[in-house]
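If you want the building blocks of each chain, they are given just below.
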Amino acid sequence: VTSLGMPARTPLLMISTIVLGDDAMTNGDANSAIGWIVHLVLSIAFGLVFALIARRFRTNGEVALAGLVYGGLLYVVNFQILARVWFETFRMANQPFEVVLHIVFGALIAVALYNSGPRRGEPLFGLSSPSYREPLGQRG
């Protein structure tokens, strides 16, 4: 936002309009603290939804790919659908930056779920050697 000539707290003020209404930006009622709380609650909720989805994936690679897609879908739903219908304030956001941030969010929640559930014990990036080795002379 600073690259657009706006104060650094502008995104928090914009997020606070989710609960305070779009008029909060223009009439000065937008609040950074409320923005932090709303963003925190939404991020936790989105992370929990992804965790439920990620349980179905068998490999860390699938989780990583799903995280990137999930982040992209969050951007589309939040900024291209909901912002156009209900939250007009978000139209003034830096859209390319928002795409990147939401994809990074998806990647981070994916990494947080590596080696959990059915992926427990899988090497993080598939770089370590297998834990099971055949005894010498046993190959068929």
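Definitions and limits used
Residues numbered from 1 in each chain as written. Predicted model: local features only at pLDDT ≥ 70, side-chain atom pairs only at ≥ 80, totals over all residues. Heavy atoms only, no water. Buried < 20%, exposed > 50% of the residue type's maximum accessible area, 1.4 Å probe, protein only. Helix = DSSP H or I, 4+ residues; strand = E, 2+ residues; numbered from the N terminus. Contact = heavy atoms within 4.5 Å. Axes fitted to C-alpha atoms, helices over the stretch in contact; angles between N-to-C directions. Left-handed = near helix turned anticlockwise from the far one by under 90°. Core = buried A, V, L, I, M, F, W, Y, C linked by side-chain atoms within 4.5 Å.

Student: Even after reading the chapter, I still don't get helix α1 (residues 10–20), so can you show me in this structure?
Tutor: Of the residues making up α1, those classed as buried are T10, L12, L13, M14, I15, S16 and T17. Structurally, α1 contributes buried residues whose contacts are with α2 (23–27) and α3 (32–54).

Student: For this particular structure, what's the right way to read the packing of helix α4 (residues 60–85) against helix α5 (residues 95–112)?
Tutor: Axis angle and axis distance: for two packed helices, these are the angle between their axes and the distance between the axes, and together they describe the pair. Two elements in contact, α4 and α5, have axes separated by 7 Å at closest approach and are oriented at 140°. Crossing angle aside, the handedness with which α4 passes α5 is right-handed. Contacts between α4 and α5 involve V63, A64, G67, L68, Y70, G71, G72, L74, Y75, N78, F79 and Q80 from the first element and Q95, E98, V99, H102, I103, F105, G106, A107, I109 and A110 from the second.

Student: Any chance you could explain the environment of A30 here in plain terms?
Tutor: By secondary structure assignment, the location of A30 is in the loop between α2 and α3. By relative accessible area, which is 15% here, A30 ends up buried. Note: C-alpha distance between A30 and S16 (14 residues apart in sequence) is 5.9 Å. In contact with A30, other than residues within four places in its own chain, are L13, S16, L20, A24 and M25.

Student: I tried to follow the nonpolar core on my own but got confused; where do I start?
Tutor: Counting residues in hydrophobic clusters, the biggest one holds ten residues: F50, A54, V63, A66, Y70, L74, I109, A110, L113 and Y114. Looking at this core, the elements with two or more residues in it are α3, α4 and α5. For this core, the element with the highest residue contribution is α4, accounting for four residues. Ignoring any residue separated from it by four or fewer positions in sequence, one finds F50 in contact with V63, A66, G67, Y70, I109, A110 and L113. Counting eight residues, the second largest nonpolar core, distinct from the first, contains M14, I15, Y75 and F90.

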